[in-house]
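Structural description and commentary
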There are 2 protein chains.
Amino acid sequence: MRLVRVGLHSQGEPLALMRTDCHVCRSEGLHARARVEIATGGRRVTARLLQVEAGLLNPHEIGLSEDAWMRLGATEGAVATVRPAPPAASMSLVRHKLYGGALAQKDFTAILGDVQAGLLSDVQLATFLSAGAALPLDDEETTALTRAMVVVGDRLSWDAPRVMDKHCVGGLPGNRTTPIVVAIAAACGLVIPKTSSRAITSPAGTADTMETLAPVDLDLPAIRRVVEAEGGCIVWGGAVRLSPADDAFVRIEREIDIDAEGQLIASVLSKKVAAGSTHVVIDIPVGPTAKVRTAEAARGLATRLSLVGARLGLKVACLLTDGSQPVGRGIGPAPEARDVLAVLRGEPEAPLDLAERALALSAVLLETGGAAAPGTGADLARAVLSDGRAWAKFAAICEVQGGLRQPPEAAQIRAVTAHFAGQITAIDNRRLARLAKLAGAPGNPAAGLVLAVHVGDTVAKGQPLFHLHAASTGEIAYAIDYWTGAPAITVAG
Amino acid sequence: MRLVRVGLHSQGEPLALMRTDCHVCRSEGLHARARVEIATGGRRVTARLLQVEAGLLNPHEIGLSEDAWMRLGATEGAVATVRPAPPAASMSLVRHKLYGGALAQKDFTAILGDVQAGLLSDVQLATFLSAGAALPLDDEETTALTRAMVVVGDRLSWDAPRVMDKHCVGGLPGNRTTPIVVAIAAACGLVIPKTSSRAITSPAGTADTMETLAPVDLDLPAIRRVVEAEGGCIVWGGAVRLSPADDAFVRIEREIDIDAEGQLIASVLSKKVAAGSTHVVIDIPVGPTAKVRTAEAARGLATRLSLVGARLGLKVACLLTDGSQPVGRGIGPAPEARDVLAVLRGEPEAPLDLAERALALSAVLLETGGAAAPGTGADLARAVLSDGRAWAKFAAICEVQGGLRQPPEAAQIRAVTAHFAGQITAIDNRRLARLAKLAGAPGNPAAGLVLAVHVGDTVAKGQPLFHLHAASTGEIAYAIDYWTGAPAITVAG
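Owing to the predicted nature of the structure, the values given are computational and were not obtained by experimental measurement.

The rules behind the values
Residues numbered from 1 in each chain as written. Chains lettered and ligands numbered in written order. Predicted model: local features only at pLDDT ≥ 70, side-chain atom pairs only at ≥ 80, totals over all residues. Heavy atoms only, no water. Helix = DSSP H or I, 4+ residues; strand = E, 2+ residues; numbered from the N terminus. Rg over C-alpha atoms; globule rule 2.2 N^0.38 Å. Buried < 20%, exposed > 50% of the residue type's maximum accessible area, 1.4 Å probe, protein only. Contact = heavy atoms within 4.5 Å. Salt bridge = Lys/Arg side-chain N within 4 Å of Asp/Glu carboxyl O. UniProt positions renumbered as here; feature names shortened; annotations may be inferred. Least-squares fit on C-alpha atoms with pLDDT ≥ 70 in both. Pairing = 2+ DSSP bridges. Right-handed = clockwise from strand over helix to strand, strands pointing away. Axes fitted to C-alpha atoms, helices over the stretch in contact; angles between N-to-C directions. Parallel < 35°, antiparallel > 145°, perpendicular 65-115°, else oblique. Nonpolar A, V, L, I, M, F, W, Y, C, P; charged D, E, K, R; others polar. Phe/Tyr/Trp six-rings, centres within 6.5 Å; stacked < 30°, edge-to-face > 60°. Lys NZ or Arg CZ within 6 Å of the ring centre and 35° of its normal. Buried area = accessible area lost by both parts, 1.4 Å probe. Polar contact = N/O pair within 3.5 Å; in protein donor to acceptor, adjacent residues only side chain to side chain.

1. Some thoughts on the overall build of chain A
- Across its full length, chain A carries 18 helices and 19 strands.
- Over its C-alpha trace chain A gives a radius of gyration of 25 Å, about what one expects of a compact globule, namely 23 Å for 493 residues.
- Relative to its full complement of 493 residues, chain A shows a buried share of 58%.
- In chain A, of all internal contacts separated by at least 6 residues, the share reaching a separation of at least 24 is 79%.

2. Comments concerning the pattern of salt bridges
- Counted under the stated rule, the structure contains 46 salt bridges over all chains.
- For Arg389 of chain B, the salt bridge identified is with Asp387 of chain B, shortest N-O distance 2.8 Å.
- For Arg389 of chain B, a relative accessible area of 40% corresponds to the partly exposed category.
- Since its relative accessible area comes to 44%, Asp387 of chain B is described here as partly exposed.
- Linked through salt bridges whose partners overlap, the residues forming this network are Glu37, Arg44 and Arg83 of chain A.

3. Re the UniProt feature "domain: Pyrimidine nucleoside phosphorylase C-terminal" (unreviewed entry) in chain A
- Sequence positions flagged by UniProt for "domain: Pyrimidine nucleoside phosphorylase C-terminal" (unreviewed entry) are, in local numbering, residues 423-490 of chain A.
- Secondary structure across residues 423-490 of chain A divides into 34% helix and 29% strand, with the first and last C-alpha atoms of the span separated by 8 Å.

4. Regarding the relation of the copies chain A and chain B
- Expressed as a screw operation, the relation of chain A to chain B combines 0.0 Å of axial shift with a rotation of 179 degrees, fitting to an RMSD of 0.1 Å. In symmetry terms, the pair is related by a two-fold rotation axis. For chain A, the minimum C-alpha distance to the rotation axis belongs to Val123 of chain A and amounts to 2.5 Å.
- Interface residue correspondence from chain A to chain B reaches 100%, placing this contact among same-surface, isologous pairings.

5. Things to note about the pairing of strand E11 (residues 279-286) of chain B
All names here are of chain B.
- With respect to burial, E11 is a largely interior element, eight of its eight residues being buried.
- On E11, burial covers both faces: His279, Val281, Asp283 and Pro285 on one face and Val280, Ile282, Ile284 and Val286 on the other are all buried.
- Of the strand pairs in this sheet, strand E8 (residues 164-168) and E11 are connected by five bridges, and their pairing is parallel. The residue of E11 that forms the bridge with His167 is Ile282.
- As defined by bridge partners, E11 adjoins strand E12 (residues 315-322) across eight bridges and the pair is classed as parallel. Its bridge partner lying in E12, Val280 is registered against Val316.
- On the question of chirality, the crossover connecting E11 to the parallel E12 by way of helix H12 (residues 295-311) is right-handed.

6. With respect to the packing of helix H7 (residues 178-187) of chain A against helix H16 (residues 389-401) of chain A
All names here are of chain A.
- Where H7 meets H16, the axes come as close as 8 Å, and the angle between the chain directions of the two elements is 105 degrees. Classed by the angle they form, the pair H7 and H16 counts as roughly perpendicular. Residue-level contacts link Pro179, Val182, Ala183, Ile184, Ala186 and Ala187 of H7 to Arg389, Ala390, Lys393, Phe394 and Ile397 of H16.
- A class-by-class count of the residues in the contact of H7 with H16 yields nine nonpolar, no polar and two charged.

7. Focus on the packing of aromatic side chains
- With the rule as written, the count across this model stands at eight aromatic pairs over all chains.
- Note on Trp391 of chain B and Phe394 of chain B: the rings are 6.3 Å apart at their centroids and 25 degrees apart in plane angle, and the pair reads as stacked. With Trp391 of chain B and Phe394 of chain B both in helix H16 (residues 389-401) and three residues apart, the pair spans about one turn of that helix.
- Look at Trp391 of chain B and you get partly exposed, because its relative accessible area is 21%.
- Taken together, the ring pairs connect Phe108, Phe128 and Phe249 of chain A into an aromatic cluster.
- Just above the ring of Trp158 of chain A sits the side chain of Arg224 of chain A; from NZ or CZ to the centre is 4.8 Å.

8. A look at the interface of chain A and chain B
- Facing 49 residues of chain A, the contacting portion of chain B comprises 50 residues.
- Interface area, chain A with chain B, both sides summed: about 4200 Å², of which 51% is carbon and sulfur.
- Here chain A is connected to chain B by four salt bridges.
- The closest approach of N and O atoms between Glu13 of chain A and Arg48 of chain B, which form a salt bridge, is 2.8 Å.
- The interface formed by chain A and chain B holds 18 residue pairs in polar contact (both at pLDDT 80 or more) in total.
- For the side of chain A that touches chain B, the secondary-structure elements that each account for two or more residues are strand E2 (8-9), strand E3 (15-19), strand E5 (43-52), helix H3 (91-98), helix H5 (122-134), helix H10 (245-256) and helix H17 (429-438) of chain A.
- No other element matches the eight residues that H5 of chain A contributes to the side of chain A that touches chain B.
- A breakdown of the residues in the side of chain A that touches chain B according to their chemical character gives 22 nonpolar, twelve polar and 15 charged.
- As defined by bridge partners, E2 of chain A adjoins strand E5 (residues 43-52) of chain B across two bridges and the pair is classed as antiparallel. Pairing of His9 of chain A across the sheet is with Gln51 of chain B, part of E5 of chain B.

Laid out in structure tokens, this is it:
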């Protein structure tokens, strides 16, 4: 069969197109949701088969989606062999778990090997994740899963006895403490090679925000140079494949809207272990519209994160933080970057809540990293931020990453105001995030919104609640439409 | 957006194709595995979105797969509105089950309503099925699921106090008792309106086999005429949508290779209840390569089938039968049909095992249906079969269905022989079924194979083990290739 690149984007699931009248389809008796294995030039990919009528493809042609094309490293018109994909061997282990059995390290290693090789279909991945939600992974299984997720990806090592890291268990717009924490920690002599992600469903990932301040798309040698020179970096993790199987899991978890604790722990810790970290501080925002909704759930999660981390040689400290409203004022890459700059530069209008959270996380890092004696981390962090050492370190890191720059300004800024006087009683994180995305974030890095109020503030009629930042009046109108139907800020008159 | 039929066969999951640069894709921020709702002319369909580069579609065009096209009842070029599909409301109930909660009747009704409306994606269906495998449905939940599966489909009613039915819990090639049982039961005055399925993964479904003897593709009025005239029918169930949600479940269960007992029971009984049956006899073959592998598992299944059936007003009798090897000689539509004819006509070479199984099932039906006093069903069944009344009834049913016909003969018949003398110690049902499919069954109704031996027989070197029936020598060669690598019959020398 000849390979044809059909320009089909299937968001992670490799697809193959074959004609309904092709000999493979007929003689192999390919059934519903069939999967085929395509091999060429020593490489192979397993793809879900879709069949097309004559017209779209010539006989003896097989069309590949972009995901399948990339995995196969195919060239247009190359000849490939096609056969029904053998069932993934590890599915029997998935069924063992589903039927109440326990999985050992070697079982998770086999399953993750198949996940990484693309041998499990999306439906099969959903079964694995559902099994772990219905019959929760115990600490031993969670540890084994974490280890297996590390093994299938890249693994970094650093020439330092302690390698610091931080993480936030998502869900809180504007909670952009990373650049500040890295600057403070590195300014105090700690090694903190921070890799961050881009937004998946949020209006900005740390990498998106940071990219408005400096280049973040560095390869591994470049990352090493930055860390050697300045002790820390804030880069996009795309150059290294840390726990790459997690991407496949996240894609499915979003569709079924589950996030089992064992899987969450493995997702967070596998990336830290793979990054070569030895100490990590984890921010767990708690609030009714945050990812973790009660303090009890947060404490349980913190205990398990520390326990599983310890088994993997990772010292984990968790901080439960206020997740009842966004942090800082900006939501979206550039609006958040301006908050970060204001805090680092000690500007009078800098958002206090963002500064205080960053200081609290830094204090823990400084003490566990050995840069401050127990009980003195908070004072050291505050001193380093207020005397400009953190800002100087941040600017230096940006320079080595490729040059500090100014976040872009939006072409259109529109105030959204209070219809009547009253007090702000609640802010819905999820609706606010959606609003910033409708304004164009993160695709347009200048887009998003800037809050003018926080919970507890009183407002007069006509006073701005927030400003929308967008490239066009069309996007502004689109966001305002949504706001009208689903106000994200509650004003009690 | 304008609708375009792209001739894409996605085997049950509706797909929509949109250009990556279309305004909906951009402004809605459609993410991985996004789903869109497409509406036109008062109908709507939810489809998984695939994105294509310019070239395949014009701007403002949306391509639909065949499944999506049919569900929407679309016309080429019609204008449709497209929006991101709202999350299916019943997924919160699926998650409730996944996290250990119990589901009530109204919950199953809501879930099945969404399944039938196509609002759950394949990945979400997998989650529902996995939840029921990990945390098995109890009798109450199984009953509720069965009822919900009945409600979303068609429901038949018959003008008779007792409506008989039979079913086989699959997995045994050649076990084609239905035509014989229906003939015997109808000959004894019972009402038995039997609808059967076509093959999904097997070399022949009852409808495929029966179609080589008479037309089976009858609409509901035609089915009613046959049953009124002769008391019974043996038709394809495609004209009526009995428990149609089961098709979606089966598609996913096959991919993850699970078959949870609650789901199996609901699948079997929902079709019987929807068909208007009051009494059903269920054949449960037990053997190492059959669907049910131990007598203990079969007894447990039988108990639950009877219990759940009783709650739904259905009297269920189960027969545990030998599932260690195929039944009769033929595997494939026409080869099986010839076995059925031989039994009904009382030919000397008729396969005794097929006749005895059909008699055993008929005996139970005759007694529970009131045609024979307790303990006399077996004698009556044997009398009706041996004196030609069953054959006369079968021929009459075939005539009313459109005319009795001869099963087609294959163009190529090739013997596969023993390499050495010895005894047949085992026959692998699954491999034999695959062999018949490679020969062309059921697509070519004449294709399949005819066994020359059973377990326990002794063979000389060069003596035939079976004959392959196919349309071409190519297909024969293809099947022999497979046989060489995976012999389905074990000869101990």
